[in-house]
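Listed below, chain by chain, are the residues.
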Amino acid sequence: LCLLHRCLLNNPSSSYGIFSAIRSWHAQYSEYLQNAGKIQELFVSAKRLGNLMINKASPTIGNKMNVLFVHNNFPGQYQHIVRALARDPKVRIAAIGSSASQDMNGVKLLRYSLKDVNVSATHPFARRFDMECHRAEQVLYLLSSLASSGFVPDLIMAHPGWGETLPLRTIFQDARILLYCEFFYGMGGRDVGFDLEFPETGADGHVALQIGRASCR
């Protein structure tokens, strides 16, 4: 980030919008460094919470533990966790993902296919949410299939960014759910409102952004 920042300073012809974005991110990064101690504490607490959830989700000794992964691009960020769990003979693993998901040894992977969805008739505020509801519907079918096959997860690890987590609690009410909250959409300084080359999102765009967040839970 610092090298890119320095490069832009030495090249006045560079895009002003990119410079503004880098300057914004640099300021945020500096703030993160100032709060490094707090971030480290949060990381340790999250790690302890994850271990606690896994321990509580563990079944009676002698039985196998069922773990379900739900990720649009499985394995995604779960690659190393999946490999580690797959080496444990007391763990059974299933996964749900889109057609782009990759097979892994020791994992029963169920893929869903999301056809082209036309959301043009949907109110602009709710188009993102509408799209993710179509995805959640496909995941719901696969969750029902898993339940019918006798696979009931003790622990579910999922990425909430595409609406795939919406039906989890409906089918598997007793499972422990651990979400990977990668990104939280904000109205400024993140995915929108940081580049002067693009027009302001406006109040209607902010409302649409907040409604879109409803699918990320």
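Refer to the structure presented above.
Worth saying up front: this structure is predicted, and the values here are computed from it rather than measured.

1. A short note on the overall build of the chain
Of regular secondary structure, the chain possesses seven helices and five strands. Across the chain, contacts joining residues at least 24 apart in sequence account for 62% of those joining residues at least 6 apart. Surface exposure of the chain reaches about 13,500 Å², of which carbon and sulfur atoms provide 56%.

2. Quick look at the environment of Asn-66
Mapping Asn-66 onto the fold places it in strand S1 (residues 65-70). Classification of Asn-66 as buried rests on a relative accessible area of 5%. Here the alpha-carbon distance between Asn-66 and Val-91, two residues 25 residues apart in the chain, equals 5.9 Å. Once you skip the residues sitting within four places of it in the chain, Asn-66 turns out to touch Arg-92, Phe-151, Val-152, Pro-153, Asp-154 and Leu-155. Looking at Asn-66, its side chain comes within polar contact range of the side chain of Arg-92, at 2.8 Å.

3. Details of the pairing of strand S2 (residues 91-98)
Counting buried residues in S2 gives seven out of eight residues, a clear majority hidden from the surface. In this sheet, S2 lies alongside S1 in parallel orientation, the contact comprising six bridges. From the neighbouring strand, Asn-66 faces S2, where its bridge partner is Arg-92. Considered for its hand, the β-α-β crossover made up of S1, helix H4 (residues 79-86) and S2 is right-handed.

4. What to know about the sheet that holds strand S3 (residues 107-112)
Across the sheet, five strands lie side by side as S3-S2-S1-S4-S5; this open sheet has parallel pairing. Looking at the sheet topology across the chains shown, the edges are occupied by S3 and strand S5 (176-179). Taken over all neighbouring pairs, the strand axes of this sheet differ in orientation by 20 degrees on average, direction set aside. Running over the sheet, helix H5 (residues 127-149) touches S1, S2 and S3 and is turned about 145 degrees from S3.

5. Looking at unusual backbone geometry
For the bond from Phe-74 to Pro-75, the omega torsion is 5 degrees, close enough to zero to count as cis. Considering the arrangement of structural elements, one finds Pro-75 in the loop between S1 and H4.

6. With respect to the pattern of salt bridges
Overall, the coordinates contain two salt bridges when judged by the stated rule. Between Arg-111 and Asp-103 there is a salt bridge, with its nearest N and O atoms 3.1 Å apart. For Arg-111, a relative accessible area of 36% puts it in the partly exposed group.

7. So, H5
In a regular helix each residue adds 1.5 Å, so 23 residues correspond to 33 Å; H5 covers 34 Å between its end C-alpha atoms and thus fits that length. Of all the residues in H5, the buried ones are Asp-130, Glu-132, Arg-135, Ala-136, Val-139, Leu-142, Leu-143 and Leu-146. Tucked inside the fold, the buried residues of H5 contact S1, S2, S3 and helix H6 (168-171). Remark: Gly-150 follows H5 within two positions and exhibits a positive phi of approximately 100 degrees.

8. Considering the nonpolar core
Among the nonpolar cores identified, the biggest contains 16 residues, and Leu-68, Val-70, Ile-96, Leu-143, Leu-146, Ile-156 and Phe-172 are the most heavily contacted of them. Looking at this core, the elements with two or more residues in it are S1, S2, S3, H5 and strand S4 (155-158). Once residues lying within four places of it in the same chain are set aside, the contact partners of Leu-146 are Leu-68, Ala-94, Ile-96, Lys-108, Leu-110, Phe-151 and Phe-172. Core analysis: the second largest hydrophobic core is formed by 14 residues, Tyr-78, Val-82, Ile-93 and Val-107 among them.

9. Comments concerning the pairing of S4
Of the two faces of S4, both are covered, the one formed by Leu-155 and Met-157 as well as the one formed by Ile-156 and Ala-158. Alignment of S1 against S4, held across four bridges, turns out to be parallel. For Val-67, the partnering residue across the bridge sits in S4 and is Leu-155. Sheet topology places S4 next to S5; four bridges connect them, and they run parallel. Bridging across to S5, Ala-158 finds its partner in Leu-179.

Thresholds, definitions, all that
- Residue positions are given per chain, counting from 1 as you read along its sequence in written order.
- In keeping with the model being predicted, local features are shown solely for residues with a pLDDT of at least 70 and side-chain atom pairs are shown and tallied solely at 80 or more, while totals for entire chains, interfaces and linings include all residues.
- Values shown for side chains rest on all heavy atoms present in the structure; no hydrogens or waters enter the calculation.
- Strands here mean DSSP runs of E at least two residues long; helices mean DSSP runs of H or I at least four residues long; both are numbered from the N terminus.
- Here, two residues are considered to be in contact whenever any of their heavy atoms come within 4.5 Å of each other.
- Shrake-Rupley sampling with a 1.4 Å probe provides the accessible areas, and residues are treated as covered by the protein chains on show and by no other component.
- The buried label applies to any residue whose accessible area, calculated with a 1.4 Å probe on protein chains only, is under 20% of its type's maximum; exposed applies above 50%, and partly exposed to all values in between.
- We call two N or O atoms a polar contact when they sit within 3.5 Å, provided that within protein one can donate a hydrogen and the other can accept it, with sequence-adjacent residues counted only if both atoms are side-chain atoms.
- Strands are labelled as partners when DSSP assigns at least two bridges between them.
- Whether a crossover is right-handed comes down to one check: with the strands pointing away from the viewer, does the path from the first strand over the helix to the second run clockwise; if it does, it is right-handed.
- Note on definitions: angles span 0 to 180 degrees between N-to-C directions of axes, and those axes are lines fitted to C-alpha atoms, for helices only across the stretch in contact.
- One side-chain nitrogen of Lys or Arg within 4 Å of one carboxyl oxygen of Asp or Glu is enough to make a salt bridge.
- By this rule, a helix spans an expected 1.5 Å times one less than how many residues it contains.
- Residues belong to a common nonpolar core when they are buried Ala, Val, Leu, Ile, Met, Phe, Trp, Tyr or Cys residues joined through side-chain atoms within 4.5 Å.

Structural measurements only, silent on function.
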